[in-house]
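Secondary and tertiary structure notes
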Amino acid sequence: MTAFETLEHHDVLVIGGGPAGSTAAAILAEKGRDVLVLEREKFPRYSVGESLMPYCYFTLERLGVVDRLKTSRFPKKYSVQFVSLAGEVSQPFYFFQHLKHEASTTWQVLRSEFDQMLLDNARRKGASVLEETTATGLVYQDGAVAGVRTVDKSGATREFSSPMTIDATGRAAFSANKNHWRIRDEHLNRTAIWTYYEGALRDPGLDEGATTIAYLPEKGWFWYIPLADNVVSVGLVAQKQYLFKREREPAAIFEREIGNNPWIKQHLAEGHRSGPYRVTGDYSYRSRYSAADGLILAGDSFAFLDPVFSSGIFLALKSGEWAADAVDEALRANDFSAARFEQYGTQLCRGIEAMRKLVYAFYDKEFSFRQLMKAHPDLRGDLTDCLIGNLFRDFGQLFQAAAELVPLPDPLDHGQSLRNQGGIQGQADSASRAETAATRSPV
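Residues numbered from 1 in each chain as written. Predicted model: local features only at pLDDT ≥ 70, side-chain atom pairs only at ≥ 80, totals over all residues. Heavy atoms only, no water.

Bringing the packing of aromatic side chains into the picture now. Per the stated rule, a full pass over the model turns up 22 aromatic pairs. When the centroid spacing of 5.4 Å and the interplanar angle of 80° are considered together, the rings of Tyr 57 and Phe 58 count as edge-to-face. A residue is classified by how much of its surface remains accessible, and Phe 58, at 27% relative accessible area, is partly exposed. Between Phe 362 and Tyr 363 the ring centres are 5.1 Å apart and the planes differ by 80°, which places this aromatic pair in the edge-to-face class. (Phe/Tyr/Trp six-rings, centres within 6.5 Å; stacked < 30°, edge-to-face > 60°. Buried < 20%, exposed > 50% of the residue type's maximum accessible area, 1.4 Å probe, protein only.)

Shown next as structure tokens:
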């Protein structure tokens, strides 16, 4: 049993102040809970992933920030469109043709401002926030998570106790990495290189704020996302061996690939680069567990999918919302066991699996949306539901039709809550020993 060095206690600790953490903190604080958010950076801070799915609206409405978004300078997004290797633009998927609700109009956000808006909203609702405070370890009591150790920018260390901790640390995946739970989806192993342009071409009318997916050879693709201040976020995603087949420098690779899609070349020709090149890999993964005794994972801390359909912020918001509700129920019942969070994990994985199937299909060389819709025009609504974030429903017919064209993955068998007598600490020790043994193995 760990002796706490501080008497500071809270109902809930939230590690990370991004969309998932801010959402969970705001909802719990509004319910009257004593919530402390531990954020390692000072907001506003940079983050990528600027395109909102329409179904983000419903969580944002619950948070009470939709009116702020309506009066913001963020460009409105009405559709998603796809561009072939030859530069031919598809018929856009206009959200309002399918979703008869104001949620059909969404936004392309500056993450520094959007995330600040959500964190400030959590503060307004009563959550406490400590910025520039980094979580360094979980505190255990009788096998359950019972607090968090931290260090601040001055080097001072502190411990905070709580019966529930929400890990919303994004792709840093604090708990999953600490406990050796992070499992990569090797089939979706891609690398991204991205930057920003000022003055680049925008399409006219309703398409001015559209998210564009422009194809590259070997099933690579560009994203093209119009932002505020005449800036465009533009990046390319492909397998590492394709990107680095000749050039090694991101700038050279980026310039090479611009020439591989006429639409991208035309749209960037009028602008100039206004940001550095950024690179990341290890795109898709899921934690072995979504929750343990005293702990629940939300947003990218739990799972991340290839960003081709802009699902990241939506899944962060939705998981933050559901985690808050599950934690509130646990506090009312005074029961913080992993078993309480089984429904959370099951429901979240169901939606992630729907998007994962769509991503697998996208990357198959034999698949095209045009071919699927030509063969099954009656399923256009189901496909659009996936693209707008209505993920938590039955897509059996859609994926049965897609499976006629290309193989689709079976659901992953991990991602549920941890239920075992050894507790989270025992699992972490066991996983560490297994990892060490595998490293020493001569095979």
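We now examine empty space enclosed by the protein. One pass over the structure, following the stated rule, counts 4 cavities of 30 Å³ or more. The volume enclosed by the largest cavity comes to roughly 50 Å³. Met 53, Lys 77, Val 80, Thr 211, Ile 213, Val 308, Phe 309, Ser 310 and Leu 387 together form the lining of the largest cavity. Its residues assigned to classes, the lining of the largest cavity shows 6 nonpolar, 2 polar and 1 charged. (1 Å grid on protein atoms, 1.4 Å probe; cavity = no way out; pocket = protein on both sides within 12 Å on 5 of 7 lines; lining within 4 Å. Points joined across faces, edges and corners; volume = space filled by probe spheres on them. Nonpolar A, V, L, I, M, F, W, Y, C, P; charged D, E, K, R; others polar.)

Of the two faces of strand β1 (residues 12–15), both are covered, the one formed by Val 12 and Val 14 as well as the one formed by Leu 13 and Ile 15. Looking at chain direction, β1 and strand β2 (residues 35–38) are connected through 4 bridges and run parallel. For Val 12, the partnering residue across the bridge sits in β2 and is Val 35. Once you follow β1 into helix α1 (residues 19–30) and on to β2, the crossover reads as right-handed. Here 4 bridges tie β1 to strand β11 (residues 164–167), and the two strands are oriented parallel to one another. Bridge pairing links Ile 15 to Asp 167 in β11. (Helix = DSSP H or I, 4+ residues; strand = E, 2+ residues; numbered from the N terminus. Pairing = 2+ DSSP bridges. Right-handed = clockwise from strand over helix to strand, strands pointing away.)

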